[in-house]
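Coordinate analysis (summary)
One-letter residues, chain by chain:
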Amino acid sequence: MKHILIPVFIGFFLIPSPVWAQSQTAVQPPAATVADTQLPQRTKIFGAEEATLPNGLRVVVIPNHRAPVVSHMVWYRVGAIDEPAGQSGIAHFLEHLMFKGSENVPPGEFSKRVRAMGGNDNAFTSQDYTAYFQSIAADRLEDVMAMEADRMRGLTLPPDQVLSERDVVLEERRQNTDSDPNAQMHEQMRNALFPGHPYGIPVIGWPYEIAKLSRENAMDFHNKRYAPNNATVVISGDVKLADILPIIEKTYGVVAARAVPERTAPPVMNVPGEARIIMQSDRVHQPVFQRMIRVPSLRENRNDAIALQVAESILSDGASSRLYKSLVVEQKIAVGAGFSYTPNAWDDATAALYAIPTDGVAMDAVEAATDAIIATFARDGVTDDELATAKIRMKDSAALARDSLQGPAMIFGQTITTGGTIDDVEYWADDIDAVTAADIKRVAQYLIKPTGTHGRGVTGWILPAPAPDKIITEDEPDAAPAAAPTETPANDNAAEAKP
């Protein structure tokens, strides 16, 4: 299936998902645990239910009875971080091959059967996990479970299917990365940000290594990592755990557990000095300044991760946010600016700053102005009004997330497979409410421009290609070189520059 890039969320819960009509039936949360009774003021957002099968499969059910449909997702704790040396892209390649045949589902039949049931399906791979999902009527849930369990158990993979799909992946890379300056810049910045670590290798893989991937590589990777004890099934929609558990045991419960290799990524290194990448391309029409910074993930430092999410909202959420208001509205030196933070990662997470300069404004001026805003933010902290407004906005987004079908399944799956807990999701709004101004000031120190031995950030400039000097011919002996144009000529095939 086509590789999907997971969107960068504003805060934790703003996920593009369908919103259902208001229901008259309240979703009842599960019975309180001992931990819950010790924290009477904390309120669960989703009321998720969970169980673990004897073979190690973890199951999370998020009841939502607003329509007779479900989002069924299988999350494997395996991604590009787990790839053997020299086999970059094997996790993503295997994602494609999971649709190429298992014992009871011939090649190409998986998606056809889902569509015949009136549903849709897809899959995606990241650095830390691989997920497969179907949106389907609730009464067809057993059918898709049986098919997922079949390919969890093992694949058939006819050799001709493997080689043709490898060509598909290579073409996907050519279209989505090699022809897109922004994607190329992102790839190079991550490589500089995570030297010697798998996070510095693109999920889709390096092209020369993709071209060598074989059926044997894929089968070995599947057999070592795709096991029920390395997976979580997340079901969101018109189901209850007690009702669906017998079907889960009937389908997934018969898949035997396997020994799964321990995840052993090397430590992330700091590189002395400042890393900077400048890219020029005739496909670029709008320059972009961006900075990528390594910061703690939710698994590494829960308190900092929560505070960074609030900082993200203050810096970048809406027209009144620090960056947009200063750079775009007041100084008028940028047409866009923002900050994002993705907390779910097994090792270090990433934060990103960006600004798109107004025509005629130099890139170094935009970068300096952005750095000045961050320096002030880190030195002076936030106002009481900024903090209160951000919390209200973020807690409102958590309440709205209850109306979504696939959104909650995405949130739970990402959190669990990167080392978080169900409580990290359920009590997120309460955790946000507990963040103080001192917390924001503390985590803002991560965002100050990396210099000296800091080595946790990389700065990138994406620029239009310089205009060639005018050629003076013998027919124009007195002509002088033309000044460089302020804009590059229009190109219908140019990639839009985005942060």
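Let me begin by describing the structure that accompanies this report. (Residues numbered from 1 in each chain as written. Predicted model: local features only at pLDDT ≥ 70, side-chain atom pairs only at ≥ 80, totals over all residues. Heavy atoms only, no water.)

1. Thoughts on the pattern of salt bridges
Heads up, the rule is: By definition here, a salt bridge exists when the distance from a side-chain nitrogen of Lys or Arg to a carboxyl oxygen of Asp or Glu is within 4 Å. What counts as a helix is a DSSP run of H or I of at least four residues, what counts as a strand is a run of E of at least two, and both are numbered from the N terminus. With a 1.4 Å probe rolled over the protein chains alone, any residue whose accessible area is under 20% of its type maximum counts as buried; one over 50% counts as exposed, and the rest are partly exposed.
Throughout the structure, instances matching the rule amount to 29 salt bridges. A salt bridge links Glu171 to Arg174; the nearest nitrogen and oxygen atoms lie 3.0 Å apart. Highlighted residues: Glu171 and Arg174, both in helix α5 (residues 159–178), separated by three residues, approximately one helical turn. Classification of Arg174 by relative accessible area gives partly exposed; the value is 44%.

2. Observations concerning helix α3 (residues 109–116)
For clarity, the threshold we go by: Note that the arc is computed from the directions linking the helix axis to the C-beta atoms.
Those residues of α3 that sit buried are Phe110, Ser111 and Val114. The buried residues of α3 occupy one face: seen down the axis, they fall within an arc of 90°. Looking one or two places after α3, you find Gly118, whose phi comes out positive at around 90°.

3. Digging into the sheet that holds strand β11 (residues 457–464)
Rule in force here: Each pair of strands is called paired provided DSSP finds at least two bridges between the two strands. To obtain each axis, a line is fitted to C-alpha atoms, and for helices this fit is confined to the stretch in contact; angles are then taken between N-to-C directions over 0 to 180 degrees.
In space, the five strands of this open sheet follow the order β7-β11-β8-β10-β9, with mixed pairing throughout. Both edges of this open sheet fall to β7 (275–281) and β9 (334–342), since each of them pairs with a single strand only. Adjacent strand axes in the sheet meet at a mean angle of 15°, parallel and antiparallel pairs treated alike. Sheet analysis places β7 next to β11, joined by seven bridges and oriented parallel. Opposite Ile278, over in β11, you have Trp461 as the bridge partner.

4. Considerations on unusual backbone geometry
Phi at Leu157 is positive, roughly 50°, even though this residue is not glycine. Note that Leu157 resides in the loop between α4 (141–153) and α5. A positive phi angle is found at Lys332, which is not glycine, with a value near 55°. Mapped onto the elements, Lys332 comes out in the loop between α11 (322–330) and β9.

5. A few points about α5
Spelled out, the test is: How far a helix is expected to stretch is found by multiplying one less than its residue total by 1.5 Å. In this analysis, two residues are considered to be in contact whenever any of their non-hydrogen atoms come within 4.5 Å of each other.
Along its 20 residues, α5 runs 27 Å from first to last C-alpha, staying within 8% of the 28 Å computed at 1.5 Å per residue. Looking at α5, one finds that the buried residues are Val162, Glu165, Arg166, Val169, Leu170, Glu172, Arg173 and Thr177. Viewed end-on, α5 has its buried residues packed into an arc of 155°, placing them on one side of the element. Away from its buried face, by an angle of more than 90 degrees, α5 presents the exposed residues Asp160 and Gln175. Of the surrounding elements, those touching the buried residues of α5 are α2 (90–97), α6 (181–193), α7 (207–210) and α8 (215–225).

6. Overview of the nonpolar core
Heads up, the rule is: Among buried residues, the Ala, Val, Leu, Ile, Met, Phe, Trp, Tyr and Cys ones that are joined through side-chain atoms within 4.5 Å form a nonpolar core.
Among the nonpolar cores identified, the biggest contains 80 residues, and Val310, Leu327 and Phe412 are the most heavily contacted of them. A total of eight residues in this core trace back to one element, the largest contributor, which is helix α10 (residues 302–316). The contact partners of Phe412, leaving out residues within four places of it in the chain, are Phe46, Ala48, Val60, Ile62, Val234, Ile422, Val425 and Glu426.

7. Some details on the environment of Ser313
In this structure, Ser313 sits in helix α10. For the pair Ser313 and Tyr341, spaced 28 residues apart in sequence, the C-alpha separation works out to 9.7 Å.

8. A word on the packing of aromatic side chains
Our working definition: Whether two aromatic rings pair depends on their centres lying within 6.5 Å, for rings of Phe, Tyr and Trp, where Trp uses its six-membered ring; planes under 30 degrees apart make the pair stacked, over 60 edge-to-face, and the rest tilted. Ring-over charges, as used throughout, are those where CZ of Arg or NZ of Lys falls within 6 Å of the ring centre and within 35 degrees of the ring normal.
This model, assessed by the stated rule, comprises eleven aromatic pairs. Centre to centre, the rings of Phe124 and Tyr129 are 6.4 Å apart; their planes meet at 85°, and the pair counts as edge-to-face. Since its relative accessible area comes to 2%, Phe124 is described here as buried. You can call Tyr129 buried: its relative accessible area is 5%. Taken together, the ring pairs connect Tyr76, Phe99, Phe110, Tyr132 and Tyr226 into an aromatic cluster. Cation over ring: Arg263 sits above Trp346, and NZ or CZ is 5.0 Å from the ring centre. Note that Arg299 overlies the ring of Trp346, its terminal NZ or CZ placed 4.0 Å from the centroid.

9. So, the sheet that holds strand β6 (residues 231–237)
Spatially, β1-β2-β6-β3-β5-β4 is the arrangement adopted by the six strands of the open sheet, whose pairing is mixed. For this open sheet the edge positions go to β1 (49–52) and β4 (120–125), each flanked by a neighbour on one side alone. Direction aside, neighbouring strands of the sheet carry axes that sit 15° apart on average. Pairing analysis gives six bridges linking β4 to strand β5 (residues 130–137), with the strands arranged antiparallel. The partner of Asn120 across the bridge, within β5, is Ser135. α2 rests against β4 and β5 of the sheet, and its axis sits at about 165° to β4.

Function cannot be inferred from these measures alone, as they are strictly geometric.
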